[in-house]
Amino acid sequence: MSNTIQDREGFYSRSQAVVTSDLCLSQSQSQPKRPLTILQKGINKKVTVRLKSEVEYKGKMNNVDSYMNLIMTDAEEISNGKVIANYGRVIVRGNNVLFIRLENEL
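Q: Lay out the overall build of the chain with the relevant residues and their values.
A: Of regular secondary structure, the chain possesses two helices and seven strands. Taken from N to C terminus, the helices and strands of the chain fall in the order β-β-α-α-β-β-β-β-β. With 106 residues in all, the chain has 24% of them scored as buried. Carbon and sulfur atoms make up 49% of the accessible area of the chain, which totals about 8500 Å².

Laid out in structure tokens, this is it:
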């Protein structure tokens, strides 16, 4: 029993599991992207941050940590599609973040 992996559909040998995982890696041919690494590469770039309260902030991300706490500069607070306020610096606590979108620079 120690040489097999049990799945809902039956038993698979370890060698079959290894082959299957190798096929998955060879099809993608790249490392999986890690969100925190991508965020850290986005430092000093424009971002949009949406909070769980449906408020958005747009501005330049100066720093981010592993908890997704952010420091932004030249930020605009947007609610219901309208700019409510402009801030020089905004600090956002990570547990309030719904998503962070890195803006494409053309």
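Q: Could you give me a rundown of the pairing of strand E4 (residues 56–64), with the residues and numbers involved?
A: Successive side chains on a regular strand alternate, one facing one side of the sheet and the next facing the other. Taken together, the five bridges between strand E3 (residues 46–51) and E4 define a ladder with antiparallel strand orientation. Paired with Thr-48 across the two strands is Lys-58, which belongs to E4. Between E3 and E4, which pair antiparallel one after the other, the connecting turn spans four residues, and Glu-54 there sits at a positive phi close to 70°. Across seven bridges, the pairing between E4 and strand E5 (residues 70–79) is antiparallel. Paired with Val-64 across the strands is Leu-70, a residue of E5. With antiparallel pairing between neighbouring strands as the criterion, E4 and E5 make up a hairpin whose turn holds five residues, including Met-68 at a positive phi of roughly 65°.

Q: Describe in detail unusual backbone geometry, supporting the description with residues and values.
A: Even without being a glycine, Glu-54 presents a positive backbone phi close to 70°. By the secondary structure assignment, Glu-54 is in the loop between E3 and E4. Even without glycine at this site, Met-68 takes up a positive phi of about 65°. Here Met-68 is to be found in the loop between E4 and E5.

Q: Please give an account of the sheet that holds E4 that cites residues and values.
A: Read across the sheet, five strands follow the order E6-E5-E4-E3-E7 without closing on themselves; strand pairing throughout is antiparallel. Looking at the sheet topology across the chains shown, the edges are occupied by strand E6 (82–92) and strand E7 (97–102). Strand after strand, the sheet turns through a mean of 25° between neighbouring axes, direction not considered.

Q: Just give me the short version of the nonpolar core, but keep the residues and values in it.
A: One finds Val-49, Leu-70, Met-72 and Ile-100 to be the most contacted residues of the largest nonpolar core, which totals 15 residues. Elements supplying a minimum of two residues to this core: E3, E4, E5, E6 and E7. If near-sequence neighbours (up to four positions away) are discounted, Leu-70 is found in contact with Val-49, Met-61, Asn-63, Val-64, Val-90, Ile-91, Val-92 and Ile-100.

Procedures and definitions
Residues numbered from 1 in each chain as written. Predicted model: local features only at pLDDT ≥ 70, side-chain atom pairs only at ≥ 80, totals over all residues. Heavy atoms only, no water. Helix = DSSP H or I, 4+ residues; strand = E, 2+ residues; numbered from the N terminus. Buried < 20%, exposed > 50% of the residue type's maximum accessible area, 1.4 Å probe, protein only. Areas by Shrake-Rupley, 256 points an atom, 1.4 Å probe, with all protein chains shown as cover. Pairing = 2+ DSSP bridges. Axes fitted to C-alpha atoms, helices over the stretch in contact; angles between N-to-C directions. Core = buried A, V, L, I, M, F, W, Y, C linked by side-chain atoms within 4.5 Å. Contact = heavy atoms within 4.5 Å.

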